[in-house]
Amino acid sequence: FRPCRPRYYSQNGTVRTLMINLPPALMSPRFWTVFGAITCGSGVALGAYGWHGLGGDTEAQDVFMLAVQYQMWHGLALFAVAWRCDVTGSATGLSAIAGLSFLVGIFLFSVNLYHFAIVGEVLISGAAPLGGFALIAGWALLGLSVIRRP
């Protein structure tokens, strides 16, 4: 697998490379395809529950369905990460980190909204904005991985 090699500048201005070795599973298209399928499949099931199981509480349904939409869109983003892994032979480190960012973002954002819609309380204070930031970072990293290695 290809390790991620972020660059940084030392005190004297020379460019240094920092080696970050990611687990081989994160570089596999199969890994990201499986997680994309699980994320999207569970999104369909949760969407059905949110639409039919929350009764007439339209506010809770709206919040729940927003979480489903974000989960589904970013589940599809995991398929884009799998595609990047397949096209480049192995994922660039940025692609794998983008996938991890999507997974963290989906968990923090959507799970927090699911809990809020069902229980009426925020599960973890500040998790949804942090999850949104992770989702944005995932898109930025995915785009950067294409720029660095088309």
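Further up the page is the structure itself.
Fair warning: this is a prediction, and the values are worked out from it, not measured in the lab.

## Things to note about a nonpolar patch on the surface
Part 1 of the reasoning: Among the surface-exposed residues, Tyr-49, Ile-118 and Val-119 lie close enough to one another that they form a single nonpolar patch of about 270 Å² accessible area.
Part 2 of the reasoning: Within the secondary structure layout, Val-119 lies in helix 3 (residues 93-119).

## Section: the packing of aromatic side chains
Part 1 of the reasoning: All told, the structure shown has six aromatic pairs when counted by the stated rule.
Part 2 of the reasoning: Consider the rings of Tyr-49 and Phe-64, whose centres lie 5.7 Å apart with planes at 65°: the pair is edge-to-face. Note that Tyr-49 is positioned in helix 1 (residues 29-53) and Phe-64 in helix 2 (residues 58-87), a separation of 15 residues in sequence.
Part 3 of the reasoning: Judged by relative accessible area, which is 38%, Tyr-49 ranks as partly exposed.
Part 4 of the reasoning: Taking relative accessible area as the criterion, Phe-64 reaches 0% and is therefore assigned buried.
Part 5 of the reasoning: Ring centres of Phe-64 and Tyr-114 lie 4.7 Å apart, and the angle between their planes is 50°; this geometry places the pair in the tilted category. In this pair, Phe-64 is assigned in helix 2 and Tyr-114 in helix 3, connecting sequence segments 50 residues apart. Across the pair, exposure class does not vary: Phe-64 and Tyr-114 are buried alike.
Part 6 of the reasoning: Three or more aromatic residues joined by ring pairs form one cluster here, namely Phe-31, Trp-32 and Phe-35.

## Considerations on the nonpolar core
Part 1 of the reasoning: Counting 26 residues, the largest nonpolar core has Trp-32, Phe-64, Val-81 and Phe-102 as the members making the most contacts within it.
Part 2 of the reasoning: Taken together, the elements giving at least two residues each to this core come down to helix 2, helix 3 and helix 4 (127-148).
Part 3 of the reasoning: In terms of residue count, helix 2 provides more of this core than any other element does, 10 residues in total.

## A word on the packing of helix 3 against helix 4
Part 1 of the reasoning: It is the contact of helix 3 with helix 4, at a shortest axis distance of 7 Å, that shows an interaxial angle of 160°. Overall, the two elements helix 3 and helix 4 adopt an arrangement that is roughly antiparallel. The two elements helix 3 and helix 4 cross, and the hand of that crossing is left-handed.
Part 2 of the reasoning: In terms of residue class, the contact of helix 3 with helix 4 is made up of 18 nonpolar, eight polar and one charged.

Criteria and thresholds
- Residues numbered from 1 in each chain as written.
- Predicted model: local features only at pLDDT ≥ 70, side-chain atom pairs only at ≥ 80, totals over all residues.
- Heavy atoms only, no water.
- Patch = residues over 30% accessible without salt bridge, like charges linked within 9 Å, V, L, I, M, F, W, Y side chains within 5 Å.
- Areas by Shrake-Rupley, 256 points an atom, 1.4 Å probe, with all protein chains shown as cover.
- Salt bridge = Lys/Arg side-chain N within 4 Å of Asp/Glu carboxyl O.
- Helix = DSSP H or I, 4+ residues; strand = E, 2+ residues; numbered from the N terminus.
- Phe/Tyr/Trp six-rings, centres within 6.5 Å; stacked < 30°, edge-to-face > 60°.
- Buried < 20%, exposed > 50% of the residue type's maximum accessible area, 1.4 Å probe, protein only.
- Core = buried A, V, L, I, M, F, W, Y, C linked by side-chain atoms within 4.5 Å.
- Axes fitted to C-alpha atoms, helices over the stretch in contact; angles between N-to-C directions.
- Parallel < 35°, antiparallel > 145°, perpendicular 65-115°, else oblique.
- Left-handed = near helix turned anticlockwise from the far one by under 90°.
- Nonpolar A, V, L, I, M, F, W, Y, C, P; charged D, E, K, R; others polar.

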